[in-house]
Every structure is written in structure tokens, then in C-alpha cells.
Amino acid sequence: AQGKTYSPQAEAALPDFGDQGELETVVETSPGEADGAAVEIKRAAQRLAHGEISSADLEAVRGPKLAELARQAQTTAYWLAAISTSSRAPTSLNDALDAREIYSAITLEEVRKAAADWLSREPWVVIATPRTAPRLPPRPIAAGPQATGG
């Protein structure tokens with residue numbers, strides 16, 4: 001909505017060799033806008049599920065991801081994480097080595113198929129809003145000789 005600010009985030013956890021995963025979307029907004037934001041997220045997911053994804057959309061996401069991977073590949077932490085998980089996840093080192101190539105090779109058709117597979121299902125929706133603390137009545141202020149102990 002005009003004049004409103006939002007802080008959207010999306011994250012996916014799709015393990016190798018599995019048929020289940022998690023796609024999470026989080027939007028920080030005012031409590032009064034939370035239900036409307038949830039409706040809009042569901043509408044966006046349905047548009048994606050119905051194939052409304054263009055080459056420009058794919059490249060708008062791919063470009064920053066490839067840049068981030070290039071930056072990460074220059075850090076010790078990136079390689080340490082790949083090596084340290086390789087005993088539990090044998091593909092993790094190869095995934096780290098090949099990440100840019102893998103992301104570069106993803107086709108629009110693959111993205112549309114994944115969107116149809118994953119976003120056609122009914123989502124779980126959780127809305128968390130802050131509780132309003134109850135207002136306590138003001139405490140009377142003592143005045144006069146009894147207030148000073150005199």
C-alpha cells in the first residue's frame with residue numbers, strides 16, 4: 001500500500017535427495033496490515049504456481065545470487081562450512097565448488113515446474129503480532145502530612 005513500509009524476506013530449505021522441504025516468506029509490517037500482507041503473499045504464490053514467471057524475473061533473482069556466491073567463495077567461512085559438513089552431506093563440497101555453475105544453468109522451465117510443484121499446495125500461515133500490555137489505572141499520589149510521615 002502507498003506510504004507503507006514492508007520488510008519482505010524469503011528462504012527455502014530443500015534438502016538433496018528428499019521430497020519435502022520448506023519455503024518460508026516473512027514480512028514485517030504493522031499489526032493492522034498483517035492479514036492483508038498474508039493475503040497478498042498467497043496471491044503472489046498462486047501467480048507463480050500458475051507460471052507467471054518471466055525470464056526477466058529469473059535474471060533479477062539469479063544476478064544477485066551469483067554475485068553473493070562469488071563474494072562468499074572468497075571467504076574462509078564458506079569453504080570451512082562446505083568441508084565441515086562433507087562427512088554428513090557428501091555432496092556439500094561439490095555443491096560449494098559448483099554452486100555458480102548450478103545456479104547459472106537453471107532454466108525458466110525448471111523454475112516454473114518447481115513453482116507449480118511447491119506453491120500449488122495450501123500453505124501454513126502464521127501471523128505473529130505483539131500483545132498490547134494492559135493499561136493499569138494510575139496510582140494515587142499521596143499528599144499531605146500522612147505522605148511525609150509527619
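For the structure itself, consult the block above.
Heads up: these notes are all about the structure in this document. (Residues numbered from 1 in each chain as written. Predicted model: local features only at pLDDT ≥ 70, side-chain atom pairs only at ≥ 80, totals over all residues. Heavy atoms only, no water.)

## A short note on the overall build of the protein
Working step 1: When helices and strands are tallied, the protein shows six helices and two strands.
Working step 2: Ordering the α and β elements of the protein from the N terminus gives β-β-α-α-α-α-α-α.
Working step 3: In terms of overall size, the protein is more extended than a compact globule, its C-alpha atoms giving a radius of gyration of 25 Å where 150 residues would be expected to give roughly 15 Å.
Working step 4: Considered along the principal axes of its C-alpha atoms, the protein spans approximately 85 × 40 × 30 Å.
Working step 5: Going through the 150 residues of the protein one by one, you find that 12% of them count as buried.
Working step 6: If you take every contact in the protein between residues at least 6 apart in sequence, the share linking residues at least 24 apart comes to 57%.
Working step 7: Total accessible area computed for the protein in this model is approximately 12100 Å², and 57% of it derives from carbon and sulfur atoms.
Working step 8: Taking the 15 positively charged and 20 negatively charged side chains of the protein as two groups, their mean positions are separated by 9 Å. (Helix = DSSP H or I, 4+ residues; strand = E, 2+ residues; numbered from the N terminus. Rg over C-alpha atoms; globule rule 2.2 N^0.38 Å. Buried < 20%, exposed > 50% of the residue type's maximum accessible area, 1.4 Å probe, protein only. Contact = heavy atoms within 4.5 Å. Areas by Shrake-Rupley, 256 points an atom, 1.4 Å probe, with all protein chains shown as cover. Lys, Arg positive; Asp, Glu negative; His and termini not counted. Charge placed at Lys NZ, Arg CZ, Asp CG, Glu CD.)

## Digging into the nonpolar core
Working step 1: Ala45, Ala49, Ile53, Leu58, Leu108, Ala115 and Leu119 together form the largest nonpolar core, which totals seven residues.
Working step 2: Of all the elements in the fold, those that place two or more residues in this core are α1 (34–49) and α5 (108–119).
Working step 3: Examining the composition of this core, we find that three residues originate from one element, α5, more than from any other.
Working step 4: Residue contacts for Leu119: discarding those within four places in its chain leaves Leu23, Ala45, Gln46, Leu48, Ala49 and Ala114.
Working step 5: Formed by five residues, the second largest nonpolar core is a distinct cluster that contains Leu69, Tyr78, Ala82 and Ala99. (Core = buried A, V, L, I, M, F, W, Y, C linked by side-chain atoms within 4.5 Å.)

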